[in-house]
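# Structural features, examined
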Amino acid sequence: MSLEEELQSNVSVASSSPTKNTAGGGGLKVHNYFGLSDSSSVESSTLSGRVEDDKATISLKATELTLGLPGSQSTELDLLSPAKLNEKPFFPLLPSKDEICSSSSHKNIVASGNKRGFSDTMYTEKNWMFPESVAAQSVVKKEVPQNIPKGQLSTTNNSSSPPAAKAQIVGWPPVRSYRKNTLATTCKNSDEVDGKPGSAALFVKVSMDGAPYLRKVDLRSYTNYGELSSALEKMFTTFTLGHCGSNGAPGKDMLNETKLKDLLNGKDYVLTYEDKDGDWMLVGDVPWEMFIDVCKKLKIMKGCDAIGLAAAPRAIEKSKMRA
Amino acid sequence: MNRAIKSRLSTSEMNYFPDEVIEHIFDFIASHRDRNSISLVNKSWHKIERYSRHQVFIGNCYAISPERLIRRFPCLRSLTLKGKPHFADFNLVPHEWGGFLHPWIDALAKGRVGLEELRLKRMVVSDESLELLSRSFVSFKSLVLVSCDGFTTDGLASVAANCRHLRELDLQENEIDDHRGQWLNCFPDTCTTLVSLNFACLKGETNLAALERLVARSPNLKSLKVNRAVPLEALTRLMSCAPQLVDLGVGCYENEPEPESFAKLMAAIKKCTLLRSLSGFSEVAPVCLTAFYPICENLTSLNLSYAAELQGNHLIEFVQFCKRVQRLWILDSIGDKGLEIVASSCKELQELRVFPSDPHDEEDNNTAVTEVGLVAISAGCPKLHSILYFCKQMTNEALITVARNCPNFIRFRLCILEPNKPDPITSQSLDEGFGAIVQACKGLRRLSVSGLLTDKVFLYIGMYAEQLEMLSIAFAGDTDKGMLYVLNGCKKLRKLEIRDSPFGNAALLADVGKYETMRSLWMSSCEVTLGGCKRLARNAPWLNVEIINENESGRMERNEEDEREKVDRLYLYRTVVGTRRDAPPCVTIL
């Protein structure tokens with residue numbers, strides 16, 4: 001039990017009940033969990049028979065990384081919830097996506113200074129999954145270590161601590177503060193230029209992977225996710241159609257016919273947003289009013305770049321039902 | 001007659017030349033360094049040079065006092081002053097550190113100097129100074145402020161109102177408190193002499209009518225850079241009444257323009273056949289950028305480094321048509337692919353700056369540039385001599401290739417965004433890569449290094465960088481030897497700035513005399529201690545050794561200070577006027 005206490009002390013919010021069910025023997029597995037080399041079993045996707053002895057283990061692991069109750073509707077934006085992550089039914093699909101996108105995802109995982117945003121993307125879609133039970137957890141939970149690329153785990157550990165070191169170095173990178181401030185306030189100033197001091201309209205930037213420029217939408221002009229979604233679809237469909245087949249830098253960012261179809265079918269792209277805390281969340285997980293309150297910007301991400309977010313269409317649907 | 005001929009042959013007889021002749025010869029010599037050399041030849045030349053010197057450059061405003069300057073150069077017309085150390089640009093120097101303009105204006109006014117031109121960098125300028133300036137110098141023509149702060153648009157209003165012959169008002173990247181007043185209205189109707197007007201850094205609204213009237217009555221206007229409050233239609237009108245523009249800074253227009261407005265804009269742009277330089281674009285719909293296609297080919301200077309909203313493809317589409325561009329400032333959203341296209345299109349490129357669009361890596365941005373872009377540029381642009389490159393990663397192999405392709409670099413500034421990052425392929429330090437650069441580029445004058453670096457890179461720099469004048473070091477080196485290699489090797493070093501590197505007292509104190517040959521040394525978050533700095537100050541009374549404290553509220557208590565305490569920020573510089581008296585509490589001068 002002492003090990004558990006030790007583990008619990010790493011967690012800033014009281015752990016959930018599953019912790020108490022764990023046996024002391026889970027401790028060893030916990031160390032393996034943190035041992036990055038062991039997590040190289042990422043690529044294997046099968047639900048092998050490790051479920052039962054991992055049940056306890058994984059609950060412990062869940063505890064370690066969870067700063068809130070698994071299954072809770074907490075809106076704590078720093079919550080890491082591999083438990084919820086585990087519940088995604090598409091987990092078996094993930095590894096293959098990993099392979100396809102391993103270059104891009106691994107690119108994001110650099111030795112030090114991992115992008116908090118990206119790692120949090122993985123772990124903070126808390127509510128778009130179904131209300132989970134412990135049993136449900138255990139079935140898929142073992143996927144956690146296997147589906148997270150090596151680097152991610154280290155990031156996970158660090159996610160509860162301050163953001164990547166480089167973001168905190170004073171005066172680095174050496175860019176003139178005038179320049180930094182100007183680029184940072186571009187969004188704010190545009191609201192002023194539009195003549196609306198901010199209370200009437202709520203403009204947020206919308207970017208899309210592969211798009212040559214950003215758009216802006218006024219969140220207050222929609223009343224629910226559906227309207228937003230179709231407006232964005234229109235906006236970016238027009239644009240993507242216009243750019244189909246155009247010359248320009250070839251490469252993975254270029255949209256083509258197949259991708260366009262997938263876009264329209266909502267398969268390959270997901271809508272995400274950055275909230276006030278700088279975390280990237282899947283759109284649709286909170287009530288609409290709360291959403292427009294916290295949303296800072298929107299991004300239409302490629303599915304494989306948003307590991308763990310591939311079930312977006314379902315999620316949006318779900319939240320529409322709730323909202 | 002014979003004597004005259006003999007006197008021409010003998011250099012020691014040069015004194016017999018009438019002063020007016022010598023002065024006339026000196027008029028052809030503009031470079032202040034050459035002038036400084038001339039003044040050292042003999043007393044006579046020193047005197048002649050003094051009275052004929054009209055332009056003075058002062059790299060550190062605390063190296064000399066305004067009174068002494070005026071005594072030596074009473075016929076001064078143009079003054080350039082630099083204040084805060086370079087790292088002040090990155091918030092490493094407290095705002096109140098110093099660099100105040102006022103004492104200079106005061107002294108120049110009292111000395112009845114016929115000042116016509118003032119260029120300032122990183123100085124603290126107040127509205128009072130600007131007002132005094134505008135009233136004291138009847139022939140004042142040109143004010144250029146770069147990275148300054150401390151003033152408001154009220155100060156600009158005084159300049160506009162009182163400087164009857166103003167030709168140039170150029171405000172670059174200053175922090176100006178915009179009172180949204182009517183400073184543009186303060187230019188009298190009789191003011192028709194403007195050649196250059198740049199107020200791009202003003203954040204507030206602009207009186208468009210006043211601006212248009214001003215531009216309309218300024219037939220000599222060659223350079224106009226407006227701020228983001230100047231929308232599309234206004235820009236069109238401005239360009240229509242100033243088709244002679246050579247240099248244009250565009251404001252901000254976010255929305256998709258009406259076809260008619262757009263057509264008018266295009267028509268106005270087409271008429272600006274003399275346009276060679278383009279900048280601004282802080283928020284622009286890509287279609288508006290396309291309006292400039294007709295004059296793309298004429299551009300020699302293009303600054304899109306504030307165009308944060310434009311993504312790679314649009315940048316590429318535009319830049320590839322700028323075949324004559326010599327100076328290109330751009331964001332890294334252009335990507336490696338974009339740089340490859342630049343390399344194949346822009347053969348006249350001489351200076352390239354690639355800034356990070358996402359300095360803190362907050363957006364999951366995969367299009368930042370890498371060594372690939374740099375290599376492409378070096379291979380494709382034979383005239384390249386200056387580069388500032390922010391990138392995600394760099395390899396030794398790439399740097400070696402770049403060095404081979406471009407031995408003509410004068411300025412090479414590489415910033416790998418992540419400190420201490422090694423060569424991603426070999427996991428080694430970048431010593432060899434930078435070593436190749438300094439070895440190949442024999443004319444290198446300015447160098448900034450980054451990434452994982454050991455003492456070895458400094459050995460290379462000391463050995464090969466013979467012309468190096470300015471070196472910037474961050475998160476590099478292992479021991480004092482690194483810094484010593486540089487101090488001992490780089491004979492022409494003038495400015496050395498170091499942060500977060502393990503150099504300490506041994507390096508600092510090894511050759512105190514070296515600092516007399518340099519303008520300044522900056523060391524922050526290094527290993528030098530208070531004791532070391534004190535020792536230095538004792539041994540070099542002609543240096544100002546400033547300790548800038550972390551805790552800005554109080555000076556160090558002499559009795560309580562621990563000499564073993566590491567100094568957070570050290571800034572030392574040679575001076576002929578001793579300790580300055582305007583230092584704030586957070587600065588201790590030893």
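Here the structure is a predicted model, which is why all the values come from computation and not from measurement. (Residues numbered from 1 in each chain as written. Chains lettered and ligands numbered in written order. Predicted model: local features only at pLDDT ≥ 70, side-chain atom pairs only at ≥ 80, totals over all residues. Heavy atoms only, no water.)

## What to know about the confidence of the model for chain A
All names here are of chain A. As a reminder of what qualifies: Per residue, pLDDT captures the predictor's confidence, and it can take any value from 0 to 100. What makes two residues a contact is simply this: any of their non-hydrogen atoms within 4.5 Å.
Per-residue pLDDT for chain A has a mean of 52; in total, 26% of the residues score no lower than 70. A low-confidence stretch, residues 1-167 (pLDDT under 50), is modelled with 258 contacts involving residues beyond four sequence positions or located in other chains. Residue range residues 187-199 is modelled with pLDDT below 50. Its contacts to residues more than four positions away, or to other chains, number 17 contacts.

## Points about the sheet that holds strand β3 (residues 269-274) of chain A
Residue and element names in this part refer to chain A. The criterion, for reference: DSSP calls a pair of strands paired once it identifies at least 2 bridges connecting them. Helix numbers and strand numbers start at the N terminus; a helix is a DSSP run of H or I with at least 4 residues, a strand a run of E with at least 2. The axes are straight lines fitted to the C-alpha atoms, using for helices just the contacting stretch, and the angles between their N-to-C directions are given from 0 to 180°.
The strand order β2-β1-β5-β3-β4 describes an open sheet built from five strands, whose pairing is mixed. Both edges of this open sheet fall to β2 (215-218) and β4 (280-282), since each of them pairs with a single strand only. Between one strand axis and the next, the sheet turns through 35 degrees on average, direction left out of account.

## Describing the environment of Ala436 of chain B
Residue and element names in this part refer to chain B. Worth spelling out the cut-off: A 1.4 Å probe rolled over the protein chains alone gives each residue an accessible area, and that area as a share of the maximum for its type sets the label: buried under 20%, exposed over 50%, partly exposed in between.
Mapping Ala436 onto the fold places it in helix α17 (residues 431-440). Taking relative accessible area as the criterion, Ala436 reaches 15% and is therefore assigned buried. For Ala436 and Ala403, which are 33 residues apart along the polypeptide, the C-alpha to C-alpha distance reads 6.0 Å. Contact partners of Ala436, with chain neighbours within four places excluded, come to Ile400 and Ala403.

## Details of the side chain of Asp275 of chain A
Inclusion rule: In the analysis that follows, any N or O atom pair within 3.5 Å is treated as a polar contact, provided that within protein one partner can donate a hydrogen and the other can accept it, and provided that, for residues neighboring in sequence, both atoms belong to side chains.
In this fold, Asp275 of chain A is placed in the loop between β3 and β4. Here the side chain of Asp275 of chain A touches Asp279 of chain A through a polar contact of 2.9 Å, landing on its backbone nitrogen.

## Description of the nonpolar core
Defined as follows: Only buried residues count toward a nonpolar core. Its members are Ala, Val, Leu, Ile, Met, Phe, Trp, Tyr and Cys residues joined through side-chain atoms within 4.5 Å.
Core analysis: the biggest nonpolar cluster contains 196 residues, and Leu79, Leu197, Phe412, Ile461 and Leu508 of chain B have the highest contact counts within it. Grouped together as the second largest cluster of nonpolar side chains are 24 residues, Leu228, Tyr273, Val286 and Ile300 of chain A included.

## Focus: the packing of helix α9 (residues 208-216) of chain B against helix α10 (residues 232-241) of chain B
Residue and element names in this part refer to chain B. Selection criterion: Should an angle fall under 35 degrees it is taken as roughly parallel, and over 145 as roughly antiparallel, whereas 65 to 115 is taken as roughly perpendicular and any remaining angle as oblique. Handedness of a crossing follows from how the near helix is turned relative to the far one, being left-handed for an anticlockwise turn of less than a right angle and right-handed for a clockwise one. Classification used: nonpolar for Ala, Val, Leu, Ile, Met, Phe, Trp, Tyr, Cys and Pro, charged for Asp, Glu, Lys and Arg, polar for all others including Gly.
Two elements in contact, α9 and α10, have axes separated by 9 Å at closest approach and are oriented at 15 degrees. One way to sum up the angle between α9 and α10 is to call them roughly parallel. Seen along the crossing, α9 lies across α10 with a hand that is right-handed. For the pair formed by α9 and α10, the contact residues are Leu208, Leu211, Glu212, Val215 and Ala216 on the first element and Ala234, Arg237, Leu238 and Cys241 on the second. For the contact of α9 with α10, the class distribution of residues is seven nonpolar, no polar and two charged.

## A word on the pairing of β3 of chain A
Regular strands have side chains that alternate between both faces of the sheet. All names here are of chain A. In terms of residue burial, β3 counts as a mostly covered element, since six of its six residues are buried. Residues Tyr269, Leu271 and Tyr273 of β3 are buried on one face, and the alternating residues Val270, Thr272 and Glu274, pointing to the opposite face, are buried as well. The pairing of β3 with strand β5 (residues 297-302) spans six bridges and is classified as antiparallel. Within β5, the residue paired with Thr272 across the bridge is Lys299. Across three bridges, the pairing between β3 and β4 is antiparallel.

## Concerning the packing of aromatic side chains
All names here are of chain A. Cut-off, in case you're wondering: Two rings from Phe, Tyr or Trp (for Trp, the six-membered ring) form a pair when their centres sit within 6.5 Å of each other. Planes less than 30 degrees apart are called stacked, planes more than 60 degrees apart edge-to-face, and all others tilted.
Across all of its chains, the model carries 24 aromatic pairs over all chains by this definition. With 5.1 Å between their ring centres and 85 degrees between their planes, Tyr225 and Trp288 make a pair best called edge-to-face. Linking Tyr225 in helix α13 (residues 225-243) with Trp288 in helix α15 (residues 288-294), this pair joins segments that are 63 residues apart in sequence. Per residue, the accessibility class of Tyr225 equals that of Trp288, and both read buried.

## What to know about unusual backbone geometry
Of note, the amide linkage connecting Trp172 of chain A to Pro173 of chain A takes the cis form, showing an omega dihedral of -5 degrees. With respect to the element layout, Pro173 of chain A can be found in the loop between α10 (150-159) and α11 (177-184). Phi is positive for Asn91 of chain B, which is not a glycine, with a value near 65 degrees. One can find Asn91 of chain B in the loop between β2 (78-82) and α6 (102-110). Positive phi outside glycine occurs at Arg122 of chain B, with the angle close to 55 degrees. Following the sequence through the fold, Arg122 of chain B ends up in the loop between β3 (117-121) and α7 (127-136). Relative accessible area serves as the criterion here: at 9%, Arg122 of chain B is assigned to the buried category.

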